[in-house]
Amino acid sequence: MKVQHSTLMHQDIRGTYTTGIVKSRVFISAILFACTAVNSPLHASELENAEDSSGGETIEKIVVSARKKAGTESIQEVPMAITAVSGDVIDRRFFADLTDVANIAPNVNLSPAGTTPGTANFFIRGMGVFGSIPSDETSVGVIQDGLYLGVNSGALTTLFDVESVEVLRGPQGTLFGRNVTGGAVVVNSRRPSADTRAKVRARVGNYGQKSVDVAVGGALSEDDNWLGRLVVGTQSNDDYFDNVNPNVPDRGEAETHFVRPSLTYVANEDLSITLIGEYNKFKGDGVISKNVSLLDTLKDHEVDSDIDNKAEYTVKHLITDVDWTVGEGNIRVIAGWRDTEVLGELDGDGASNPIPKVHSNGPWTTNQQQQSLEIRYYTPLGDMADNTTGIYLFDQEIEYIESRVLNLGYPADVNVGAGAELEHYSYALFSQSDIFISDDVTLTVGGRYTFEEKDAKVASFGQCDEVGRNCNFAFDEKKDWSFVSGNLGIKWKVEDNVQVFTSWTRSFRSGGYNLRNSLPASPGPYDEEQVDALELGLKSDWLDDSLRFNASIFSNSYKDLQRTIIVSSDTGVAQFKANAADATINGLELELSYSITENFRIDASAGFIDAEYDKFESDQLNPDIENVDLQLANVPETSGNLSFVYYKDVADGSIETRLSASYTDSQFGDVKNDQSIELDSYTLIDASIAYVFAQDSMRVSLYGKNLTDEEYTNFALGGLNSLWAIAPPLTYGLEFTYEY
């Protein structure tokens, strides 16, 4: 892994946008990219699948549910930037969880990072959250089967037997509400059907990779009124990283078990009720860390850890989805419950040196339970408009405990503990309409009112015993906020397969309290942040639907931006949270797919971002520099992917060959732009070859991921100068899949 120690390569990172136009060098790069490559990860959400399992690939109609209408819509008709992949594409590209989806979407980084594995620190269009403070509201919402996930712990989601994943790029202020100022990731599980179907998948690979996943479903009654589906799976791997400390085992071992049952009752052709449950259990080594001072002495994929830190989390949820057609309209009711339990130990300093030492003193724990209810009604309003109106209720409770053992040059180790409790309640009213001005022009207008209240009890470090128990909750405060968000857009159908759209969206990220507080700072409150987003987009199909080209240019203006500033302190590190900044993020995204022949297809995408602070005020930053000149953390200027798929008929089946590459530009690892944890760019190359038997019922595949054996991460901890959540090395394996 390389970490930059010079700012020379970043002196030209900030471009200048004039009246919303991207600087010329970005346009030149984009044009060259579009001329030499071609994109889009086969956007597919529900079948009609964009991938032809008979051998060749075609660009079919792709449908999504992002706008919460009665049914699905063609992705090319939806006036917003979406990358969507079907379950079939997920399988064929060997995606394990949501982090893999980011490799095929422009300006999207879905990284696992934080103090425990499975923490979703997602960024879209330069906006996201890096950390695992459970009170941190996300900038990229994760919605699974209609259930918004209230914390980012345990949110990566196993993708076996998933129907589709939709990545909504840009703020989503009306239909999804709060905490989607960067975008949203929507996961749709495969629902029960009357057809009896089963799927078995088994994998083995290097580093002891083993997995077995099974899905089976069909009618449970003769009249097909009761339908069921059961999905179970287990995955495990041995250590990915060699530990040079002989007293501590190698690192990276993990295992996951999950069960996802679903049951549908079809009362009649107008009414169905579906129950979806999930149980997901992870157990293994904690987050892998590596101090930057060791990068010149350790090899790639080597660590020097003096603690055998472990982690585990358990996620349970139950969702009830009522789908009721009433006349020409549709009522949808989605009620959800979710329980998350996380325990984690941490090697915060990433080195075996006795000083500095920042470790967990026993497991850190997060317990969260949430309930939510959404009721919405969709109806056409004659031939001139349609409307979706709804109400949303949400509440959650969080308990958090943290303890640290420290030595920053003390005569002996010091133990400190902290804890917090949070009660959070929110409700919202929303409505969005499409108004058909003509056959070719549609106006979209929407609005949402949100109210929320948070009651926080916080014991800062030193106010609990050394293991985070017996706390003195010296801070006890309640506050409420309200916010009006909305959107206004217009799309113009230039011709049958070409449309342009433009939109304005206002969205917000919730205010709150810092549950991981260090004195003398106050836990808060800090207020909500607001974004006003402008976008201009094109969606088009050409050459008899064999070529698809989509593009978006956007400008997002953020006010009262929430920033988490990490500094060295007598508790190891201290994290301060405040509405410290205003910022503007401009960007360009290109997506294109081209089926060159019946057997050969190229996909590619490119994303370009120019992000800069308009204002940055914080007492925690270096007073000798202009804070406004800092670069936004975890925001690569450029990202892209390129993939090739080739099919060839052989005997009674076919051979499918895939090669893909994804690129992520360099980025700063913390808000303060600490040069010692400036993260280098990286390129990931994956490949696979599969033999597909007749009727596509059986596949045998050989796959490899990260073929160049890159060591990389998207997360670093300022104050301790350590890199966290280092990604696995080169992995390869053999997979067998059977379906009927």
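Since the model is a prediction, treat every value here as computed from it, not as a measurement.

The subject of this paragraph is the sheet that holds strand 40 (residues 722–724). If you walk across this open sheet you meet the three strands as 18-40-39, and the pairing is antiparallel. Strands at the two margins of the open sheet, each flanked by one partner only, are strand 18 (289–291) and strand 39 (715–717). Taken over all neighbouring pairs, the strand axes of this sheet differ in orientation by 30 degrees on average, direction set aside. In terms of strand pairing, strand 39 meets strand 40 through three bridges, oriented antiparallel. Among the inter-strand pairings, F715 is bridged to a residue of strand 40, identified as W724.

On to the sheet that holds strand 6 (residues 120–124), then. Taken in spatial order, the three strands line up as 5-6-7 in an open sheet, and their pairing is antiparallel. A single partner strand is all that each edge strand has here, and the edge strands are strand 5 (108–112) and strand 7 (127–128). Pairing analysis gives five bridges linking strand 5 to strand 6, with the strands arranged antiparallel. Bridge pairing links P112 to A120 in strand 6.

Here the focus is the pattern of salt bridges. Overall, the coordinates contain 48 salt bridges when judged by the stated rule. E589 is paired through a salt bridge with R125; the nearest N and O atoms lie 2.8 Å apart. Here R125 lies in the loop between strand 6 and strand 7 and E589 lies in strand 31 (residues 572–595), a separation of 464 residues in the sequence. Taking relative accessible area as the criterion, R125 reaches 1% and is therefore assigned buried. Residue K615 is joined to D582 by a salt bridge in which the shortest nitrogen-to-oxygen separation is 3.8 Å. Of this pair, K615 sits in strand 32 (residues 600–616) while D582 sits in strand 31, placing them 33 residues apart in sequence. A residue is classified by how much of its surface remains accessible, and K615, at 33% relative accessible area, is partly exposed. D582 sits in the buried class, given a relative accessible area of 17%. What you see here is one network of salt bridges that share partners, running through R67, K69, E73, D386 and D434.

Quick look at the pairing of strand 28 (residues 498–509) now. Bridge count between strand 27 (residues 475–495) and strand 28: nine bridges; the pairing is antiparallel. Residue pairing across strands places W492 opposite V500, the latter belonging to strand 28. Linking strand 27 back to strand 28 in an antiparallel pair, the connection comprises two residues. Both strand 28 and strand 29 (residues 529–542) contribute to a ladder of 12 bridges, which runs antiparallel. Its bridge partner lying in strand 29, F501 is registered against G537.

What counts, and at which threshold
- Residues numbered from 1 in each chain as written.
- Predicted model: local features only at pLDDT ≥ 70, side-chain atom pairs only at ≥ 80, totals over all residues.
- Heavy atoms only, no water.
- Pairing = 2+ DSSP bridges.
- Helix = DSSP H or I, 4+ residues; strand = E, 2+ residues; numbered from the N terminus.
- Axes fitted to C-alpha atoms, helices over the stretch in contact; angles between N-to-C directions.
- Salt bridge = Lys/Arg side-chain N within 4 Å of Asp/Glu carboxyl O.
- Buried < 20%, exposed > 50% of the residue type's maximum accessible area, 1.4 Å probe, protein only.

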